[in-house]
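# Structural features, examined
These are the residues of each chain, in order.
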Amino acid sequence: MTEEKQTRYRSGYVALIGKPNVGKSTLLNHIVGQKVSIVSNKPQTTRRRVIGIATTPAYQIAFIDTPGIHEPHTQLAKSMIEQARMSLADANVIVFVADGSHHPGEMDKEVSKLLKRESTIPVILCMNKMDQLKAEDVQRNLDAYKTMLGIEDDDFMLTTATRGHNVDRLLEIIVNKLPEQSPMYPEDAFTDQSSRFLAAEMVREQILIATRQEIPHAVAVMVDEWDEQEGLTRIGASILVEKSSQRAIIIGKQGQFLKAIGTDARIEIEKMLGHKVFLQLHVRVSEDWRMSPRVLRELEYGE
Ligand SMILES: Nc1nc2c(ncn2[C@@H]2O[C@H](COP(=O)(O)OP(=O)(O)OP(=O)(O)O)[C@@H](O)[C@H]2O)c(=O)[nH]1
Ligand SMILES: [Mg+2]
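Note that the structure is a prediction, hence the values are computed from the model and not measured.

## Looking at the site of ligand 1
Neighbouring ligand 1 are 24 residues; Gly-23, Ser-25, Thr-26, Thr-46 and Gly-68 lie closest to it. The element that contributes the greatest number of residues to the shell around ligand 1 is helix 2 (residues 24–32), accounting for 3 residues. For the shell around ligand 1, the class distribution of residues is 6 nonpolar, 15 polar and 3 charged.

In structure tokens:
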């Protein structure tokens, strides 16, 4: 009898919650084995919730990657935080992802307050970036995060998401907390995002990687054209910026900067689609797009 119970299939939704830049999307991509959520070293990379699905013969987990929780100053930021909050309602388990190389900061405390206030869902601590954690700080940081979140027993794991270190052990803890039920998605599904949206994100990812200061936050990407024929997809996309000075930076001298972004993004999109891509990029100035509910809807950033 007990043997039968142990082999029952488990599945459920797991929300990844935390501050910006702690490694939530890196963790998700590693587990899913595909790039479903873009990653950069700039905070606020993820702008809406993204589901990434991991299926094995024993379990299926639909991870909900969320925008990092921060102080909202724009309509975009408000929508991002709302998306993170809403993900809590859908989750069977919450994984609080922290940059384990730092002591909890104000925003970590805010997020943990939100978790305590808004949900009774089990929380697991993932202390990421352990490659940057000094041995003498491990216990102190771990105790601080555990106390802050009210974590008991062994519901925590130290990970290095970039190398996949300890991710299997984190998964084991998660799976044990999932309900016994059939898979929710077909076994070959890996995300709920459209190829169109992912392609736009892959262009934005290259811009985030290549730019600094205010530019990463001022940029959005919108696919205007998508035409798939005989093993070739032609994609036309607009890059939105807020000022003409930013437009000049993105285009670069003789269009070189834009060209390099286009080449790198095209390679990523080809990997995703599994065939050739022709990618054409335009840069448009759209003042205050981050404040405009209409543009945010067009960008598919809202619900
Ligand atoms: N050293 C180190 N860097 C990591 C690790 N995990 C992620 N990173 C880096 O941290 C940065 C942020 O990673 P993301 O996955 O985009 O972080 P995020 O939490 O999704 O950030 P937002 O989308 O802004 O909320 C990237 O430069 C990653 O390569 C890790 O375990 N160790
Ligand atoms: Mg992210």
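## As for helix 3 (residues 75–90)
Every α-helix carries 3.6 residues per turn, so stepping three or four residues along brings you back to the same face. Taking 1.5 Å of rise per residue, the 16 residues of helix 3 would be expected to cover 22 Å, and the 23 Å separating its terminal C-alpha atoms lies within 8% of that figure. Considered for burial, the residues of helix 3 that qualify are Leu-76, Ser-79, Met-80, Gln-83, Ala-84 and Ser-87. An end-on view of helix 3 places all buried positions within 140° of arc, on one side of the element. Residues of helix 3 that are buried make contact with strand 1 (10–18), strand 3 (59–65) and helix 11 (293–298).

## Let's talk about helix 2
The buried count for helix 2 comes to 8 of 9 residues, which makes it a mostly enclosed element. Looking at the buried residues of helix 2, the elements they touch are strand 1, strand 2 (50–55), strand 3, strand 4 (93–99), strand 5 (123–128) and helix 6 (167–176). Phi for Gly-33, located one or two positions after helix 2, is positive at around 80°.

## Some details on the domain arrangement of the protein
Taken domain by domain, the protein consists of domain 1 (2–176) and domain 2 (195–298). For domain 1 versus domain 2, the separation of C-alpha centres amounts to 28 Å. Across the side of domain 1 that touches domain 2, the residue classes tally to 2 nonpolar, 6 polar and 1 charged.

Rules and cut-offs
- Residues numbered from 1 in each chain as written.
- Chains lettered and ligands numbered in written order.
- Predicted model: local features only at pLDDT ≥ 70, side-chain atom pairs only at ≥ 80, totals over all residues.
- Near = placed C-beta within 6 Å.
- Helix = DSSP H or I, 4+ residues; strand = E, 2+ residues; numbered from the N terminus.
- Nonpolar A, V, L, I, M, F, W, Y, C, P; charged D, E, K, R; others polar.
- Expected span 1.5 Å × (residues − 1).
- Buried ≥ 20, exposed ≤ 12 C-beta atoms within 10 Å, placed from the backbone.
- Arc of directions from axis to C-beta.
- Contact = placed C-beta atoms within 7 Å.
- Domains from an automatic or database assignment.

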